[in-house]
Amino acid sequence: MQVVYQADNVVEAELLKGLLEAHGIACHTGGFFLQGAVGDLAASGFANVWVGDDDVEAARALLKRYEQGEFGLSEDEDAD
């Protein structure tokens, strides 16, 4: 397994896990409990998304589309 994305927080990691799984890519999220070691500092970058070695390329391509905003709501959808 390889880390394909380092999310800003647990919520983003779980959102991306759902996106990958919806596209047939099995994945795992982890690293959340490392945030407790930081103490009073703002913690980010500890939530990782892992996929199997065979799915790395497909996952990275999908995550690139996510970063480019392809899966965001349009203004029309946002108004509903």
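Look up a bit, the structure's there.
As the structure is a computational prediction, the values presented were derived from the model and not from experiment.

On to the sheet that holds strand 1 (residues 2-7), then. Read from one edge to the other, the open sheet built from three strands follows the order 1-3-2, with strand pairing classed as antiparallel. Edge positions in the sheet fall to strand 1 and strand 2 (27-30), since each has one partner strand and no second. With direction set aside, neighbouring strand axes in the sheet form an average angle of 25°. Looking at chain direction, strand 2 and strand 3 (residues 47-51) are connected through four bridges and run antiparallel. Bridged to H28 within strand 3 is W50. Sitting on the sheet, helix 2 (residues 56-67) is in contact with strand 1 and strand 3, with an inclination near 15° to strand 1.

The next point concerns the nonpolar core. V4, L20, V49 and V51 are the most contacted members of the largest nonpolar core, which totals 16 residues. Residue assignment for this core shows that the elements contributing at least two residues are strand 1, helix 1 (10-22), strand 3 and helix 2. Those residues in contact with V51 that lie beyond four places of it in its chain are M1, Q2, V4, L20, I25, A26, C27, V56 and A59.

With 12 residues, helix 2 extends 16 Å from end C-alpha to end C-alpha; this agrees with the ideal 16 Å at 1.5 Å per step. Listed in full, the buried residues belonging to helix 2 are V56, A59, L62 and L63. The arc that holds the buried residues of helix 2, viewed along the axis, is 135°, so those residues lie on one side. In helix 2, the exposed positions angled more than 90 degrees off the buried face are occupied by E57 and K64. At the exit of helix 2 stands G69, carrying a positive phi of roughly 85°.

What the rule picks out here adds up to one salt bridge. Between E70 and R65 there is a salt bridge; the shortest N-O distance is 2.8 Å. Residue E70 is classed as partly exposed on the basis of its relative accessible area, which comes to 45%. Assessed through its relative accessible area of 32%, R65 is described here as partly exposed.

This brings us to the environment of A7. Structurally, A7 can be placed in strand 1. The class of A7 is buried, set by a relative accessible area of 0%. Put simply, A7 and T29 are 22 residues apart on the chain and 9.7 Å apart in space, counted from C-alpha to C-alpha.

Thresholds applied
- Residues numbered from 1 in each chain as written.
- Predicted model: local features only at pLDDT ≥ 70, side-chain atom pairs only at ≥ 80, totals over all residues.
- Heavy atoms only, no water.
- Pairing = 2+ DSSP bridges.
- Helix = DSSP H or I, 4+ residues; strand = E, 2+ residues; numbered from the N terminus.
- Axes fitted to C-alpha atoms, helices over the stretch in contact; angles between N-to-C directions.
- Contact = heavy atoms within 4.5 Å.
- Core = buried A, V, L, I, M, F, W, Y, C linked by side-chain atoms within 4.5 Å.
- Buried < 20%, exposed > 50% of the residue type's maximum accessible area, 1.4 Å probe, protein only.
- Expected span 1.5 Å × (residues − 1).
- Arc of directions from axis to C-beta.
- Salt bridge = Lys/Arg side-chain N within 4 Å of Asp/Glu carboxyl O.

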